[in-house]
Amino acid sequence: NMDKWSGKVAVVTGASVGIGEAIVEKLVGHGMKVVGCARNEEKLKQIALKVNGKGPGEMFPFKCDVTNETCILEMFQYVKKTFGSMHVMVNNAGLAFEAPVTSGKTQEWKTMLDTNVLGLSICTREAVQLMRESAVDNGHIINIGSVAGHKVCYMSMYTGTKFAVRALTEGLRLELREAKSHIRSTSVSPGYVATEFAYRLYSGEPERADRLYNQMECLKAGDVADTVVYALSAPPHVDINDIIIRPVEQLV
Ligand SMILES: NC(=O)c1ccc[n+]([C@@H]2O[C@H](COP(=O)([O-])OP(=O)(O)OC[C@H]3O[C@@H](n4cnc5c(N)ncnc54)[C@H](OP(=O)(O)O)[C@@H]3O)[C@@H](O)[C@H]2O)c1
């Protein structure tokens, strides 16, 4: 049941396209006030134009690069000033480079770690602190991991970041239980989802991304967003911790 979230505040990172955009649409549809962040502010504004004004929910675009801690802190200041509190954090911003551990570029490793691991961790810390200082005990942190966080694939460093996401989701859960908080911690780990992800990964070689996404009927961004909604819909005593969702035809 999503009624409990109507009028409540969510922050979604990586909201300009793909899975993040789909999550924003669903949460706004369920009446939430959603701060959607990404680097491409124009895209965020277009999404706001598309989803706002249809119901009680609303999207608030916020330009934020999650590799920049100052940007993240400014975003949470904005959330605190505008709404006084928040209830749902969706850490979705993420990317991959082809950067093998034997030959990859250090800068590409750093960008993956800064985005997929540290950006997610800083957002988690700030979200939990804002929830706790505003006495929100039923908040929910959702991390978008990957099947690559459950089994090692060929992209070693990307896989490493997604194993870290899974560890951080469970570590967060343990910290929250220790603090006697009822905030919940979920990771959603998708297989192939047809988004911009592979086009960015293989930038300059779109035919490789086409091949990847055409080899089977991939998940759609909305399928992953539905899974996020499922986790959020659980009754307050149910903590859905880890969900793997693959296209039916995906083997690995
Ligand atoms: N597609 C798949 O097959 C797949 C499978 C498993 C897991 N995932 C995970 O799902 C998540 C979303 O991926 P997607 O498939 O939706 O990919 P996508 O279409 O490439 O979208 C990625 C999103 O992340 C944002 N982003 C990237 N770097 C950012 C930064 N430094 N600061 C803020 N936002 C940033 C992008 O926005 P801007 O460029 O505007 O900043 C964009 O909105 C990622 O964590 C990814 O690892 C994807």
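Here the structure is shown first, and the text comes after it.
Predicted model, so just to flag it, every value in this text is computed and none were measured. (Residues numbered from 1 in each chain as written. Predicted model: local features only at pLDDT ≥ 70, side-chain atom pairs only at ≥ 80, totals over all residues. Heavy atoms only, no water.)

Q: Mind showing me how you'd approach the layout of surface pockets here?
A: Where empty space is left in the structure can be found by rolling a water-sized probe over the atoms. One number sums up the size of the second largest pocket: a volume of about 290 Å³. Lining of the second largest pocket is provided by 15 residues; of these, Thr124, Arg125, Val128, Leu172 and Glu175 occupy positions nearest its centre. Elements supplying a minimum of two residues to the lining of the second largest pocket: α4 (106–133) and α5 (156–178). Of the residues forming the lining of the second largest pocket, the biggest block, 7 residues, is contributed by α4. When the residues that make up the lining of the second largest pocket are grouped by side-chain class, the tally is 6 nonpolar, 6 polar and 3 charged. (1 Å grid on protein atoms, 1.4 Å probe; cavity = no way out; pocket = protein on both sides within 12 Å on 5 of 7 lines; lining within 4 Å. Points joined across faces, edges and corners; volume = space filled by probe spheres on them. Helix = DSSP H or I, 4+ residues; strand = E, 2+ residues; numbered from the N terminus. Nonpolar A, V, L, I, M, F, W, Y, C, P; charged D, E, K, R; others polar.)

Q: Any chance you could explain the pattern of salt bridges here in plain terms?
A: Side chains that differ in charge, positive against negative, can pair when their charged atoms come close. Summed over the entire model, instances satisfying the criterion amount to 13 salt bridges. Of the charged contacts, one joins Glu126 and Arg125 as a salt bridge, the two residues approaching to 3.0 Å between their closest N and O atoms. Residue classification places Arg125 among the partly exposed residues on the basis of a relative accessible area of 38%. Residues Glu170 and Arg173 are paired through a salt bridge, measuring 2.8 Å at the closest nitrogen-oxygen approach. Highlighted residues: Glu170 and Arg173, both in helix α5, separated by 3 residues, approximately one helical turn. Classification of Glu170 as partly exposed rests on a relative accessible area of 34%. (Salt bridge = Lys/Arg side-chain N within 4 Å of Asp/Glu carboxyl O. Buried < 20%, exposed > 50% of the residue type's maximum accessible area, 1.4 Å probe, protein only.)

Q: I tried to follow empty space enclosed by the protein on my own but got confused; where do I start?
A: Scanning the model with the defined rule gives 1 cavity of 30 Å³ or more in all. By volume, the largest cavity is sized at about 40 Å³. What lines the largest cavity is Thr13, Val66, Asn91, Asn92, Ala93, Thr115, Gly119, Leu120 and Cys123. The leading source of residues in the lining of the largest cavity is α4, at 4 residues. Counted by class, the lining of the largest cavity contains 4 nonpolar, 5 polar and no charged residues.

Q: Would you explain the nonpolar core in this entry?
A: Across soluble globular proteins, nonpolar side chains have a tendency to be buried as a group. In terms of nonpolar packing, the biggest core is built from 34 residues, with Ile23 and Leu27 touching the most fellow members. Those elements that provide at least two residues to this core are β1 (9–13), α1 (18–29), β2 (33–38), α2 (41–51), β4 (88–91), β5 (140–144) and α8 (221–233). Considering every element that reaches this core, the biggest residue donor is α8, with 7 residues. Sequence-distant contacts of Leu27, that is, excluding residues within four places in its chain, are made with Met2, Ala10, Val12, Met32, Val34, Val229 and Leu232. (Core = buried A, V, L, I, M, F, W, Y, C linked by side-chain atoms within 4.5 Å. Contact = heavy atoms within 4.5 Å.)

Q: Honestly, the site of the ligand in this entry has me stumped. Any pointers?
A: As a matter of local geometry, the ligand sits amid 31 residues, with Ser16, Arg39, Tyr158, Thr195 and Arg200 nearest to it. Between the ligand and the protein, one listed contact pairs an oxygen atom with a backbone N or O atom of Val17 at 3.5 Å. Note that a nitrogen atom of the ligand is positioned 2.8 Å from one of the side-chain N or O atoms of Asp65. Coverage of the ligand by the protein chains reaches 97% of its 890 Å² of free accessible surface. Counting residues per element, the ones that place at least two in the shell around the ligand are α1, α5 and α6 (197–201). In the shell around the ligand, the residues fall into 14 nonpolar, 12 polar and 5 charged. (Near = heavy atom within 4 Å. Polar contact = N/O pair within 3.5 Å; in protein donor to acceptor, adjacent residues only side chain to side chain. Areas by Shrake-Rupley, 256 points an atom, 1.4 Å probe, with all protein chains shown as cover.)

Q: Even after reading the chapter, I still don't get the packing of helix α3 (residues 69–83) against α4, so can you show me in this structure?
A: At a closest axis distance of 10 Å, the pairing of α3 and α4 adopts a crossing angle of 25°. In this view, α3 runs roughly parallel relative to α4, as classed from their interaxial angle. When the axes of α3 and α4 are compared, the crossing they make is right-handed. On the side of α3, the interface is formed by Glu69, Ile72, Leu73, Met75, Phe76, Val79 and Lys80, while α4 contributes Gly119, Ile122, Cys123, Arg125, Glu126, Ala127, Leu130 and Glu133. Per-class residue counts for the contact of α3 with α4 are 9 nonpolar, 1 polar and 5 charged. (Axes fitted to C-alpha atoms, helices over the stretch in contact; angles between N-to-C directions. Parallel < 35°, antiparallel > 145°, perpendicular 65-115°, else oblique. Left-handed = near helix turned anticlockwise from the far one by under 90°.)

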